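# Commentary on secondary and tertiary structure
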Amino acid sequence: ADTRQWNNLPHYIGFAGIELSPGAHDLIFDFVDQGGKAIPSLQRQASVQIPSSKTHSDTVIFVSDK
């Protein structure tokens, strides 16, 4: 078995796809417990600028609870 690991990998990884219009957006990310309830101490905020150029089709944001 391959037992290599990275010490900075999260236990779980979640993905979401959303469509945003070009321009600036302030986003809020909530981490939830097993019951789906938000954990306020883990809430994260991010500001993103979505380009209006058609040459940029995707923007990826990585958010960690650490």
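Residues numbered from 1 in each chain as written. Predicted model: local features only at pLDDT ≥ 70, side-chain atom pairs only at ≥ 80, totals over all residues. Heavy atoms only, no water.

## Considering the overall build of the chain
What counts here: In this text, helices come from DSSP runs of H or I with a minimum length of four residues, and strands from runs of E with a minimum of two, each type numbered from the N-terminal end. The quantity called the radius of gyration is restricted to C-alpha atoms. Its globule counterpart is 2.2 Å times the number of residues to the power 0.38. Partly exposed describes any residue whose relative accessible area lies between the buried limit of under 20% and the exposed limit of over 50%, with all areas from a 1.4 Å probe on protein chains only and scaled to the type maximum. It only takes one pair of heavy atoms within 4.5 Å for two residues to be counted as in contact. For every accessible area listed, the method is Shrake-Rupley and the probe measures 1.4 Å; residues are considered covered only by the protein chains on display. His is not counted, nor are the chain ends, whereas Lys and Arg count as positive and Asp and Glu as negative. Charge positions come from single atoms, namely NZ of Lys, CZ of Arg, CG of Asp or CD of Glu.
For the chain, the count of helices and strands is zero helices and two strands. On C-alpha atoms alone, the chain measures out to a radius of gyration of 15 Å, which is more than a quarter above the 11 Å that the 2.2 N^0.38 rule sets for 66 residues. If one aligns the C-alpha atoms of the chain with their principal axes, the spans along those axes are about 45 × 35 × 20 Å. Within the chain, the proportion of its 66 residues that are buried is 8%. Of the contacts formed within the chain by residues at least 6 apart in sequence, a portion of 33% connects residues at least 24 apart. Accessible surface, the chain as shown: approximately 6500 Å² in total, 52% of it carbon and sulfur. Positive and negative charge centroids in the chain, built from 5 and 7 side chains respectively, lie 5 Å apart.

## Quick notes on the side chain of H25
Within the element layout of this structure, H25 appears in strand β1 (residues 23-29). Since its relative accessible area comes to 18%, H25 is described here as buried. The contact partners of H25, leaving out residues within four places of it in the chain, are L20, A46, S47, V48 and I50.

## Observations regarding the environment of P51
Residue placement: P51 occurs in the segment after β2 (44-50). Considering only alpha carbons, one finds P51 and V32, 19 residues apart in sequence, at a separation of 30 Å.

## Section: the environment of L20
The topology assignment puts L20 in the segment before β1. Residues L20 and A1, spaced 19 residues apart in sequence, show a C-alpha to C-alpha distance of 42 Å. If sequence neighbours within four positions are ignored, L20 has contacts with H25, L27 and I50.

## Observations concerning the environment of K37
As for its position among the elements, K37 is in the loop between β1 and β2. Sequence separation between K37 and T3 is 34 residues, and the spatial gap between their C-alpha atoms is 33 Å. Setting aside its immediate chain neighbours within four residues, K37 contacts F31 and V32.

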